[in-house]
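Residues per chain are reported as follows:
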Amino acid sequence: MENFFKVCLTVLTIWNLFGTEMVIVSAEVRSSGSSYFVFQQPAYPRDCKEVSNACSPTHNASGVYLIKPDGHPEPFEAYCDNDLDTGGWTVLQRRRLDSVNFNRSWKNFRNGFGFLGSQFWIGNEKIAVLTNQKRYQLRMDFENVAGETYYVTYDEFRISDEWGKYYISSLGTFLISDELKIEWCPANEIFSNETCERTCEDPDTCISATSRTESEQCVCIGDYLIEQGQCIPLNQCNCFVDEKGSVLGEGKFYINSRCTRNSTCRNNRLIDESYQCSDDATCDERNDVRKCYCNDGYEGDGVTCTLEVVPKDCYELYVSGTLSDGVYTIYPDGWPSGIQVYCEMESNGGGWTVFQRRSSASVDFYLGWLDYKNGFGNKNHDHWLGNKYIHSMTNQKTYQLRIDLRDSASSSKYAVYSTFSITDEADKYRLSVGSHSGNTGYDRLSGSNNKQFSTKDQDNDGYSSYDCAEGHRGAWWYGYYYDYYYSYCREGNTCYFYPYGNNCHYCGYSNLNGDYDGSRGTHIFWRSNGLNRYGCSLQYTDMKIRPV
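The structure contained in this document is the topic of the report that follows. Computed from a prediction, not measured in an experiment: that's the story for all the values here.

## Digging into the overall build of the protein chain
Move 1: The number of helices and strands found in the protein chain is eight helices and 40 strands.
Move 2: Among the 548 residues that make up the protein chain, the fraction classed as buried is 46%.
Move 3: Considering only contacts in the protein chain between residues 6 or more positions apart, those separated by 24 or more positions represent 51%.
Move 4: For the protein chain, the exposed area adds up to about 27200 Å²; of that, 45% sits on carbon and sulfur atoms.

So, in structure tokens, the structure goes:
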């Protein structure tokens, strides 16, 4: 658009159109004819035309003069342009480049700002008083980057006072110096270097930043949006929401302040639907989105809220519909941030929380007290959950314990205990188990009932002569203490003995945390005639709990 021009200098001037004494703001000098008014010369000229008339031709130079329009309490300085046509122009505004900021407040434009010798706005209050004492012509002069000058005029210019918001109450007839040189922007667009235009269909996306080819051009900005190539006020867009005061993008919604109405933009049309919060929800605005939010302890979209599932164990997950084996987060008493556990959901009735598994030698179980307290290993494979978690879980409900075993001949057996719990760390995680059932043939854990937990670095077995956890190379609840001559230990059914000097010793009939490939007395064992090799060197174990 080569006919567009960039404003580097503008001058607004006014000129009185009645009688021989005139005050101007424009460049085209016009007279109302031969009418004259008789008046008494004031102490100060009322405008620059009276300044021009009062000065001799040799002293009538352009510059700053004192004037006092009728009704203004005090005289003030104004810039008078006496070089344009016959002179006498009162300059209201001048801009060159951008050395003075014109993006100012109402008060600044009311009182005026800038420097009369260069760039300025004389002030709306002065303009109002000035233009209401006589009839004035307005002239606006422009100069583009090529140095070409243009002007437009309005033959009767007047604005109201501050009470009327300085409304332009009169402009009169418009004339232009060369209409072929100036091209006006379409309706509702302005000439600007701003780069962000938006559409009614997508009011949140800027569309002009990458497509603009000129630094300044006609743009649709501010409270105007583009629809079908036209720039229209945003309140005329089809998805404009009165209460919100803005336009919704396609697919976006807005809930009114009482959460009784939902407005959604669909296919560039605003769809209003009734909306109501659940009895268990609150109408609120969060992260700039107002809607119904379910109250604490409930989950849903706010219109429908159900009790939130915060599972304490795998069984609560199971009854809520989680039916696949895997690692899940549960929230036992005392652990509000949750812990991860392996849940057995597909066998043995489902809902089992696994706290121990042995299936290979990939994880070393000959570890210390802190390791067994906090847990170790991979929840999907071999691991110990951690005594602090086992204590919290088994003391929030009544749980049963199931132990699954697989021997060296790949024969699977199980043992179930009607109740299972351990105490806290202060009591060394003391074991409590109920009655036994299953098909292992023998009960090999009840002998550990009421025994404290022992690790290689904390000997709590109650036997002063030996350290059972060290001898059996496994952390466990040890409860029996037997010594035999070494020759007896060589018999096949005594694989749970470990050598000790010239004798052999054992601390119980089970140890599921021993060395996976250990030797006599240090391996994983559950003494039973129903298991291959009397239950020594087991190939698989897991321990899990479920509420009774």
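Okay, back to it.
## Some thoughts on the sheet that holds strand β19 (residues 253-255)
Move 1: One open sheet accounts for three strands, arranged β19-β20-β21; its pairing is antiparallel. Only two strands of the sheet have a single partner each, and these edge strands are β19 and β21 (269-274). Neighbour-to-neighbour, the strand axes of this sheet turn through a mean angle of 20°, independent of strand direction.
Move 2: Where strand β20 (residues 261-266) meets β21, six bridges bridge the pair, whose relative direction is antiparallel.

## Details of the state of the cysteines
Move 1: As enumerated under the stated definition, the model contains nine disulfides in all.
Move 2: The disulfide that involves C314 links it to C343, with 1.9 Å between the sulfurs. Torsion about the S-S bond of the C314 and C343 cystine: about -70°, corresponding to left-handed handedness. Highlighted residues: C314 in helix α4 (residues 314-319) and C343 in strand β27 (residues 339-344), separated in sequence by 29 residues.
Move 3: Exposure remark for C314: the relative accessible area of 0% places this residue in the buried category.

## Quick notes on helix α3 (residues 124-131)
Move 1: With seven of eight residues buried, α3 lies mostly within the body of the structure.
Move 2: Every buried residue of α3 is accounted for by N124, K126, I127, A128, V129, L130 and T131.

Reading the values: the criteria
- Position labels on residues start from 1 in each chain and follow its written sequence.
- Given that the model is predicted, a residue must reach a pLDDT of at least 70 before its local features are reported, and side-chain atom pairs must reach 80 or more before they are shown or counted; all residues, however, enter totals for whole chains, interfaces and linings.
- To get the side-chain values, take all heavy atoms of the structure and skip hydrogens and water.
- Strands here are runs of E lasting at least two residues and helices are runs of H or I lasting at least four, both read from the DSSP assignment and numbered beginning at the N terminus.
- Under the scheme applied here, a residue whose accessible area is under 20% of the maximum for its type counts as buried, over 50% as exposed, and between as partly exposed, the area being computed with a 1.4 Å probe on protein chains only.
- Any pair of residues with heavy atoms lying within 4.5 Å of one another is described as a contacting pair.
- Note on areas: Shrake-Rupley, 1.4 Å probe, and residue coverage restricted to the protein chains presented here.
- Following DSSP output, two strands are said to pair if at least two bridges run between them.
- Whenever a helix is involved, its axis is fitted only over the stretch in contact; in every case the axis is a line through C-alpha atoms, and angles between N-to-C directions fall within 0 to 180 degrees.
- Put simply, a disulfide is two cysteine sulfurs that come within 2.5 Å.

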